[in-house]
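A structural walkthrough
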Number of protein chains: 4
Amino acid sequence: MSWNTFGRVLRFTTWGESHGPALGAVLDGCPPGLALDESMIQPFMDARKPGQSKFTTQRKEPDQVKILSGVFEGPDGQQRTTGTPISLMIENVDQRSKDYSEVANSYRPGHADYAYDAKYGFRDYRGGGRSSARETAARVAAGAVARLIMPDVKITAYVSQIGNDRIDPAAIDLTEIGNNPFFCPDAAAAKRWEDLVDGARKAGSSLGAVVECVAEGVPAGWGAPVYAKLDSDLASGMMSINAVKGVEIGDGFGAAALSGEQNADPMRAGDNGPTFEANHAGGISGGISTGQPVVCRVAFKPTSSILTPVDTISRDGENMQIRTKGRHDPCVGIRGTPVVEAMMALVLADHKMLHRAQCG
Amino acid sequence: MSWNTFGRVLRFTTWGESHGPALGAVLDGCPPGLALDESMIQPFMDARKPGQSKFTTQRKEPDQVKILSGVFEGPDGQQRTTGTPISLMIENVDQRSKDYSEVANSYRPGHADYAYDAKYGFRDYRGGGRSSARETAARVAAGAVARLIMPDVKITAYVSQIGNDRIDPAAIDLTEIGNNPFFCPDAAAAKRWEDLVDGARKAGSSLGAVVECVAEGVPAGWGAPVYAKLDSDLASGMMSINAVKGVEIGDGFGAAALSGEQNADPMRAGDNGPTFEANHAGGISGGISTGQPVVCRVAFKPTSSILTPVDTISRDGENMQIRTKGRHDPCVGIRGTPVVEAMMALVLADHKMLHRAQCG
Amino acid sequence: MSWNTFGRVLRFTTWGESHGPALGAVLDGCPPGLALDESMIQPFMDARKPGQSKFTTQRKEPDQVKILSGVFEGPDGQQRTTGTPISLMIENVDQRSKDYSEVANSYRPGHADYAYDAKYGFRDYRGGGRSSARETAARVAAGAVARLIMPDVKITAYVSQIGNDRIDPAAIDLTEIGNNPFFCPDAAAAKRWEDLVDGARKAGSSLGAVVECVAEGVPAGWGAPVYAKLDSDLASGMMSINAVKGVEIGDGFGAAALSGEQNADPMRAGDNGPTFEANHAGGISGGISTGQPVVCRVAFKPTSSILTPVDTISRDGENMQIRTKGRHDPCVGIRGTPVVEAMMALVLADHKMLHRAQCG
Amino acid sequence: MSWNTFGRVLRFTTWGESHGPALGAVLDGCPPGLALDESMIQPFMDARKPGQSKFTTQRKEPDQVKILSGVFEGPDGQQRTTGTPISLMIENVDQRSKDYSEVANSYRPGHADYAYDAKYGFRDYRGGGRSSARETAARVAAGAVARLIMPDVKITAYVSQIGNDRIDPAAIDLTEIGNNPFFCPDAAAAKRWEDLVDGARKAGSSLGAVVECVAEGVPAGWGAPVYAKLDSDLASGMMSINAVKGVEIGDGFGAAALSGEQNADPMRAGDNGPTFEANHAGGISGGISTGQPVVCRVAFKPTSSILTPVDTISRDGENMQIRTKGRHDPCVGIRGTPVVEAMMALVLADHKMLHRAQCG
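Residues numbered from 1 in each chain as written. Chains lettered and ligands numbered in written order. Predicted model: local features only at pLDDT ≥ 70, side-chain atom pairs only at ≥ 80, totals over all residues. Heavy atoms only, no water.

Looking at the environment of Ile90 of chain C
All names here are of chain C. Residue position: Ile90 is located in strand β7 (residues 86–91). Through-space distance from the C-alpha of Ile90 to that of Asp63 is 5.8 Å; in sequence the pair is 27 residues apart. Those residues in contact with Ile90 that lie beyond four places of it in its chain are Ala22, Leu23, Met45, Asp63, Gln64, Val65, Arg134, Ala137 and Ala138. (Helix = DSSP H or I, 4+ residues; strand = E, 2+ residues; numbered from the N terminus. Contact = heavy atoms within 4.5 Å.)

Here is the structure:
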């Protein structure tokens, strides 16, 4: 099956291939009256767009977003959402005309090539077609709109690990995130990663990464037990991002090694509702937000496209080796950071609206 | 919102509270003509049911499942699915009449008590009400039917870690799983866990766990990119299980530390289609099955109900301490094992049918 | 496919066969805190239940509804909805043990027998199995809960035509509806229908009917353009009722014969918002309620079960004739009236909640 | 709420306003490998497009469809569907720059103006914005693709009534449909309608219409009881078309006036499965196709945009009159004909795939 829609009452549908004329998202269910023009989306596109440093792919895409529907000039002259579907389009401009015969006729290990062929019998092999991470540009556009639905929620993601090199939790300074090409909140780690990532790139290799995301300002009560739990929907949304292989809420796998006392988040009376003395739960209990920051960790595998030759087979079933030439990110997790933020925003905004539906 | 339905074309809806008269599942979309009677479901219920060893809760529930609809005697005299909704009901028989005033008037840390109150303003506090893991009995019943849809798929889950104690991967013997009360495939680890779990129980503490699940026999081509990816739906389904805080596919977070060469799953020509020389991907690429075993790991936090006092607040906002008396699992991950298998079955069967819808 | 769930955020799933042990509905997404016990549902069940006059089937079913989940005693001692799924069960008590061999081995024209066999290859033929109108008992139970979500909305349905005999619109007196066994608001017509329906019954024949339904108190603004329009969802809901073959909103097919001036619903300024000088639109424009009464008309075909022999074929493909013995309504439209009200309530309550989700 | 997606496994989402830069549809779930290029869609667009005779609006829109994703050159050089979402875009080129102040500040009776304002507090009033029937161009594009999924199904719609003037059923000649500007299968009626429609246009009035649609070649077994019945989904789809106020399956409201014997569709043994001696049911029993032609009738109200002044109110709540100037269809039902065909195709293709999902 093909299933390109995400969300329950705030729903978005994405379309487009890596080397087609354009890609986009249709965001449906957005509340009316929100101020929205392209300039409110573009900064998020720019954070994700390729070609901004030597540590990401050199494909040059301006990733200029166009709003084709769903907004209209309000009485105050400001363009505002009308409550109808918002069609967002991004044109592809830097598809290289090149010889695709190798990738057309063989399967790159780690890529979706073989799986797509097994499923559909046929695939757009140019740049990975629909399975390319270019699809995530459309999510980032939709996510920028989702943020406007929750002005009191602040979402921040950063890279906490590349390869085996982790940041020092004690050194986290969120203001550092924008100061380096890695979305890294630890200046010393960012410095180390320059050599690490550049080394992998030069070696024709690639690296995995972990991205952490925190949403502050989420009130207690969002979530839909038991099959649209806030954490279930986050898990689904994050796992749908290209190259993601693991999702944790709060302490995640670390919680498996704790005792009940260690893992408890004790509560104390506070002036404005309860306070918590820890946040092992990552802000979610029983699938519902508790009012603490919502915390999610996402594991990205290393980029599958590498210059190092790997054993594979051709479409005809012959053994061969393949080296993936072309322009690729040596570490896809880096540019995954704005995508993780976007998915967090889309899940939370959907649940804000779902909560309002049932509980007023 | 309340959202108690899971699945896309094979859909199930669960209902019921821990201390209500009954709980159940309605499974809709099941193919017609499958042989089905209660005896085919009961063994899975029995694997999950409480009170079978001193390492699980002492609540005595027979968890006898009744089929109320959706089956009829076929021409051969065998009861078979008719293609209409299958209503499965399990009566609660061992709800203890006891004094619930403490849990009614305060919030147990780690439980959904506070979150439910924040959301709904009101909750059935008896045994956790709807947020109780008794809900998972209904999933196990539905999962037993889902297995019948895929007779060629074999699903096996086991506990690979309790607290800090992991099994030895080299010692895995799947035939051991049924020989100990921990669903443990490593006889030596199972032996160690007796003291570990009993110690936690006696100390009024609890333990987390990791459950691994493998599905063999899944053909290449199941999955629905990009928002119903097979791994996204598994992540959603697993994360919806009570106490789960993390989900990994294949190498999961371990993949973040690998290089592209290390993480590749090289392919070789085989007599019956391609073979793979590794399975870091856990059988899923681009959201679609590759024909390799589908591998998933699930982290359970330690049981939140512990006898050790924890700081909390009352509903009135006063500071207090709470000890959770009553009958509880010292390690919920253990009985989570059949639930993980059930969710794997339900996700896979749904995707088998989705694939057939689009690709014939 | 089997698809037994209706609704978008207020969703219900029904299950059960005519001659199985029970049938029921699971209603999910209901707001928390609503006073609800069985006594608030039973009057609606009683209005639909069979065997109350000689003009309906003589099957004796008490249609006693049981609430199995989703309610709990509130602080005031009143049982209230908790926001979790409400499981409603109705036991079948008057299934006649009889010889079903004829209906098992042949196809009753107008019934779903042949279509079910063509689809599923197999069917529960006792009393029509899943295709029996007994399924509508579950809708009526769910609908009774839906009404509680909209205390300001008043829903009234009545029979406006049986066979070729229409009520006199000028003679409509809604207080008459409960005074006759036909839900007829025109006392003179009700008198005539006694002979009409009794005559059909005695002749081994049956009659069609038209049911009209009016919902007052619906505020302007409910509805979800363009594919969940309020009228689209009403059309879907009404057409899903057994034996229904047509649905109209407002003037319906009559509007096709009007000119634009005749069909306009002119507006005038009123003290409490606009007033309308006509309601050809049936209270819906562009798929959204206008604040006028929502008006729907529903056509029921004559009962397909008749004693008069009809040409048909056996399962083996042999020509034969069939007479449908057993207990049947001579005019299913009559007992369809409470079902039409229930579907109106379920659609409107869903849209009240959807509107709140998007527009606050 | 805004809900712009239709379908269950074959799903499409439309976007765009009457006077925005473009409108479109994203069709998701389409089977892979179908030959598809723009030339296979354009003839259906041309059948619906405006400005082709004096009996429709004079707005000149080429309605040129562009395929932006979801197709790729197959091994045979033919462009084919890949199984990924198909993005279809139609640019608006003939939006007139004009003074919209009257429609911006008042409510046109029969239009969605007031309802949209009541719901969203704000609307794109240019040409009706999202509530304009221009949205149906996107459905026609999607419907053209849906037809390719069912090459054996032949769908034909025609106008059977304009105003009070009905075609003669005995005179139906489907080859006539393309010979007149009314999609009329009765040449004599088409001749009469020239004066009828032209007269309404000149009088500043408008006319309603009835469209009938027949799908031949649908096998027995499509449909999804009980809430996605084939007839329920048709009712929902047809009622979602702008200006539609009624939907009938088979004899529809006429069936209400028949006796059970008259309404029966007797069956006889045939060489290739059963034959039916009548089709009162319109090819659907119990929500499932019977193998007979699927027959649907759809009532369109007269165009609400008329030059004749009608009483209304301003946004400020003042009484006033309004005449709707601009370019409008004197009878929207005419151009609704290709839209009815498109919705029939989309519903049937979805059910073909749903049936395959469950029953293989």
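With respect to the confidence of the model for chain A
The predicted model of chain A averages 95 in pLDDT, with 99% of residues at 70 or higher. Scored as a complex, the prediction yields pTM 0.98 and ipTM 0.97. (pLDDT = per-residue confidence, 0-100.)

Some remarks on the pairing of strand β8 (residues 154–162) of chain A
Residue and element names in this part refer to chain A. Counting buried residues in β8 gives 8 out of 9 residues, a clear majority hidden from the surface. Pairing geometry for β8 and strand β10 (residues 209–216), over 8 bridges, is antiparallel. The partner of Thr156 across the bridge, within β10, is Val214. Sheet analysis places β8 next to strand β9 (residues 165–166), joined by 2 bridges and oriented antiparallel. Paired with Ile162 across the strands is Asp165, a residue of β9. The antiparallel pairing of β8 with β9 creates a hairpin that spans 2 residues between the two strands, and Gly163 there sits at a positive phi of about 55°. (Buried < 20%, exposed > 50% of the residue type's maximum accessible area, 1.4 Å probe, protein only. Pairing = 2+ DSSP bridges.)

Looking at the interface of chain B and chain A
At the interface, 105 residues of chain B touch 105 residues of chain A. Per-residue buried area on chain B facing chain A is highest for Tyr227, Lys245 and Phe253 of chain B; these three make up 12% of the total on that side. In this assembly, chain B and chain A are joined by 2 salt bridges. Two residues, Arg268 of chain B and Asp311 of chain A, come together in a salt bridge whose shortest N-O distance is 3.9 Å. Looking at the side of chain B that touches chain A, its residues break down into 54 nonpolar, 35 polar and 16 charged. Note: strand β11 (residues 244–249) of chain A against strand β11 (residues 244–249) of chain B, 3 bridges, orientation antiparallel. Residue pairing for β11 of chain B: Gly246 of chain A is matched across the bridge by Glu248 of chain B. (Buried area = accessible area lost by both parts, 1.4 Å probe. Salt bridge = Lys/Arg side-chain N within 4 Å of Asp/Glu carboxyl O. Nonpolar A, V, L, I, M, F, W, Y, C, P; charged D, E, K, R; others polar.)

A look at the environment of Ala215 of chain C
All names here are of chain C. Tracing the chain through its elements places Ala215 in strand β10 (residues 209–216). Placed 48 residues apart in sequence, Ala215 and Ile167 show a C-alpha to C-alpha distance of 20 Å. For Ala215, the contacting residues outside a window of four places in its chain are Val153, Lys154, Ile155, Pro293, Val294, Met344 and Leu348.

Considering the relation of the copies chain B and chain A
For the match of chain B to chain A, the screw axis carries a shift of 0.0 Å, the RMSD comes to 0.0 Å, and the turn is 180°. Read as a symmetry element, the transformation amounts to a two-fold axis. Nearest to the rotation axis, the C-alpha of Ser236 of chain B is located 2.4 Å from it, this being the minimum over chain B. Here 100% of the interface residues in chain B have copies in chain A that are interface residues too; the copies meet face to matching face. (Least-squares fit on C-alpha atoms with pLDDT ≥ 70 in both.)

Details of the interface of chain D and chain A
Chain D puts 43 residues into the contact, and the matching count from chain A is 43 residues. Where chain D abuts chain A, roughly 3300 Å² becomes buried across the two surfaces, and 69% of that area is made up of carbon and sulfur atoms. Remark: the boundary between chain D and chain A carries 0 salt bridges. Our count for the chain D to chain A interface comes out at 12 residue pairs in polar contact (both at pLDDT 80 or more). Those elements that provide at least two residues to the side of chain D that touches chain A are β2 (11–16), β3 (22–28), β5 (71–73), β6 (79–81), β7 (86–91) and α3 (113–120) of chain D. Top element by residues in the side of chain D that touches chain A is β2 of chain D. It accounts for 5 residues. Per-class residue counts for the side of chain D that touches chain A are 18 nonpolar, 15 polar and 10 charged. (Polar contact = N/O pair within 3.5 Å; in protein donor to acceptor, adjacent residues only side chain to side chain.)

Some details on the side chain of Ser53 of chain B
Inspection of the secondary structure assignment puts Ser53 of chain B in the loop between α1 (38–48) and β4 (65–67). On the basis of relative accessible area, Ser53 of chain B is assigned to the buried category, the value being 17%.

A look at the relation of the copies chain D and chain A
Between chain D and chain A, the superposition needs a rotation of 180° and an axial shift of 0.0 Å, giving an RMSD of 0.0 Å. Both copies present the same face, since 100% of the interface residues in chain D are matched by interface residues at the equivalent positions in chain A.

Remarks on the sheet that holds β10 of chain C
Picture the strands of a sheet paired through backbone hydrogen bonds; they go either parallel or antiparallel. Taken together, the 10 strands give an open sheet; going across it, the order is β9(C)-β8(C)-β10(C)-β16(C)-β11(C)-β11(D)-β16(D)-β10(D)-β8(D)-β9(D), and neighbouring strands pair in antiparallel fashion. Here the strands that pair on one side only, and so sit at the sheet edges, are β9 (165–166) of chain C together with β9 (165–166) of chain D. Bridge count between β10 of chain C and strand β16 (residues 294–300) of chain C: 7 bridges; the pairing is antiparallel. Bridge pairing in β16 of chain C places Val211 of chain C opposite Val298 of chain C.

Thoughts on the sheet that holds β7 of chain D
Residues and elements named next belong to chain D. One open sheet accounts for 5 strands, arranged β1-β2-β3-β7-β4; its pairing is antiparallel. With one partner strand each, in any of the chains shown, β1 (5–6) and β4 (65–67) form the two edges of the open sheet. Against the sheet, helix α1 (residues 38–48) touches β4 and β7, its axis set at about 155° to β4. This element, helix α4 (residues 136–149), spans β2, β3, β4 and β7 of the sheet and lies at about 30° to β3. (Axes fitted to C-alpha atoms, helices over the stretch in contact; angles between N-to-C directions.)

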